[in-house]
Amino acid sequence: MRKRRGAISGIDVRLLVRDAAGLLPDPARRLFLRNGASVGALVLLTGCGVSDSASAERVLRKISEFNDWVQARLFDPSRLAETYPESAIVRPFRFNAYYDEEDAPDVDEDSYRLVLDGLVENQRPWSLEQLNALPQETQITRLICVEGWSAIGKWTGVPLRVFLERIGADLRANYVHFACAEGYSSSIDMATALHPQTQMTLKFDGQPLPTKFGFPLRIRIPTKLGFKNPKHVVGLSVVNQYPGGYWEEQGYNWFSGL
Ligand SMILES: Nc1nc2c(c(=O)[nH]1)N[C@H]1C(S)=C(S)[C@@H](COP(=O)(O)O)O[C@H]1N2
Ligand SMILES: [Mo]
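What counts and what doesn't
- Position numbers for residues count from 1 along each chain, tracking the sequence in the order it is written.
- Written order determines the labels here, with chains lettered from A and ligands numbered from 1.
- Local features in a predicted model are, by the rule used here, given only for residues with pLDDT of at least 70; side-chain atom pairs are given and counted only at 80 or more, and totals for whole chains, interfaces and linings are based on all residues.
- Processing note: side-chain calculations cover all non-hydrogen atoms of the structure and skip hydrogens and water entirely.
- Residue ranges labeled as domains rest on an automatic or database domain assignment.
- Each residue is assigned to one of three classes by its accessible area relative to the maximum for its type, calculated with a 1.4 Å probe on protein chains only: buried under 20%, partly exposed between the two thresholds, exposed over 50%.
- Every helix listed is a DSSP run of H or I at least four residues long, and every strand listed is a run of E at least two residues long, numbered separately from the N terminus.
- Directions are taken from the helix axis to each C-beta atom, and the arc is the one they span.
- We call two residues in contact whenever any of their non-hydrogen atoms come within 4.5 Å of each other.
- The term polar contact refers here to a pair of N or O atoms within 3.5 Å; inside protein, the definition further demands a hydrogen-donor-capable atom paired with an acceptor-capable atom, and it admits residues adjacent in sequence only when both atoms are side-chain atoms.
- Think of a salt bridge as a Lys or Arg side-chain nitrogen and an Asp or Glu carboxyl oxygen that are within 4 Å of each other.

Undergrad: Quick rundown of the domain arrangement of the protein chain? Include the residues and the values.
TA: A common way to express how large an interface is: the accessible area buried when the components associate. Each domain of the protein chain was delimited in the assignment, giving domain 1 (13-74) and domain 2 (86-250). Each of domain 1 and domain 2 has a C-alpha centre, and these two points are 32 Å apart.

This is how it looks when you write it as structure tokens:
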């Protein structure tokens, strides 16, 4: 007997199929749609049965992980994000975080240390003075927030690649994870970490980072959405195990490339 559409307890099959299609990267999405976009196809794709809302969630999570996996492999490490002239810089720049501006953490300049962990040969912590002595570059790029706004700004700092080489990081490892002073965190794939525009940012608009924009150190990645640009970074680790992140654990797509 044919199953009635939407007959699985607690879930709307059409919605599930639509959500799954939205998560699928192209050309997988086009194939999925062309082949009838059915629950059966989702079960085949993910290897998970769909019988209730918990298993439907599981299917969507699997598809989202598949999307991250595909996006990471499509990432072109030599493609540069667009850069802009000084005249395009937005002032005042926009603040965003999961807390209000006045609650941005006050990191003490003198006792600050960037702590290293994981697959790193030289794990000595770095003071701000030592970080400032490294070679620096300036970029004028666009920060794009998933909440629907973007702004062009000017950031100066050490290319993350230069720093990773300096500390003897294992550049064949899978991920670099960043921990922030107030508990925020994020992680990126190694190809993005080594991208020429991925920066350990020490200055914003020519001045040391203001508190709200991540003093004393943030990561600026113009090939990623804003939430993957952690501010107030106090820990860096190089790892092979998937390390997640603050918003990543709340369902934002881990790769979130641009
Ligand atoms: N430590 C920390 N870093 C963070 C966040 C945060 O809440 N805490 N928010 C992220 C988000 S969602 C965005 S859009 C950018 C905003 O950066 P801005 O304040 O420089 O515009 O910071 C990211 N980095
Ligand atoms: Mo954001």
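Undergrad: Give me the lowdown on helix 1 (residues 13-23), citing residues and values where you can.
TA: Listed in full, the buried residues belonging to helix 1 are Val13, Leu16, Val17, Ala20 and Ala21. On an axial view of helix 1, the arc spanned by its buried residues comes to 130 degrees, and they lie on one face. Residues Arg14, Arg18 and Gly22 are exposed on helix 1 and point more than 90 degrees away from its buried face. Those residues of helix 1 hidden inside the fold are in contact with helix 2 (28-34), helix 3 (39-46) and helix 4 (53-74).

Undergrad: A description of the side chain of Ser256 should follow, citing residues and the corresponding values.
TA: Looking at the secondary structure, you find Ser256 in the segment after strand 9 (233-239). At 2.6 Å, the side chain of Ser256 and the backbone oxygen of Asn253 are in polar contact. Sequence-distant contacts of Ser256, that is, excluding residues within four places in its chain, are made with Thr223, Lys224, Leu225, Phe227 and Lys228.

Undergrad: Can you tell me about the pattern of salt bridges, naming the residues and giving the values?
TA: In the structure shown here, the tally under the stated rule is ten salt bridges. The partner of Asp26 in a salt bridge is Arg29, and the shortest N-O contact between them spans 3.7 Å. Since its relative accessible area comes to 34%, Asp26 is described here as partly exposed. For Arg29, a relative accessible area of 28% corresponds to the partly exposed category. Close ionic contact of Arg91 with Asp205 constitutes a salt bridge, the shortest N to O distance being 2.6 Å. You can see Arg91 sitting in the loop between helix 4 and strand 1 (115-118) and its partner Asp205 sitting in the loop between strand 6 (199-204) and strand 7 (207-208), a full 114 residues away along the chain. Assessed through its relative accessible area of 51%, Arg91 is described here as exposed. Overlapping salt bridges bring together Asp26, Arg29 and Arg30 as one network.

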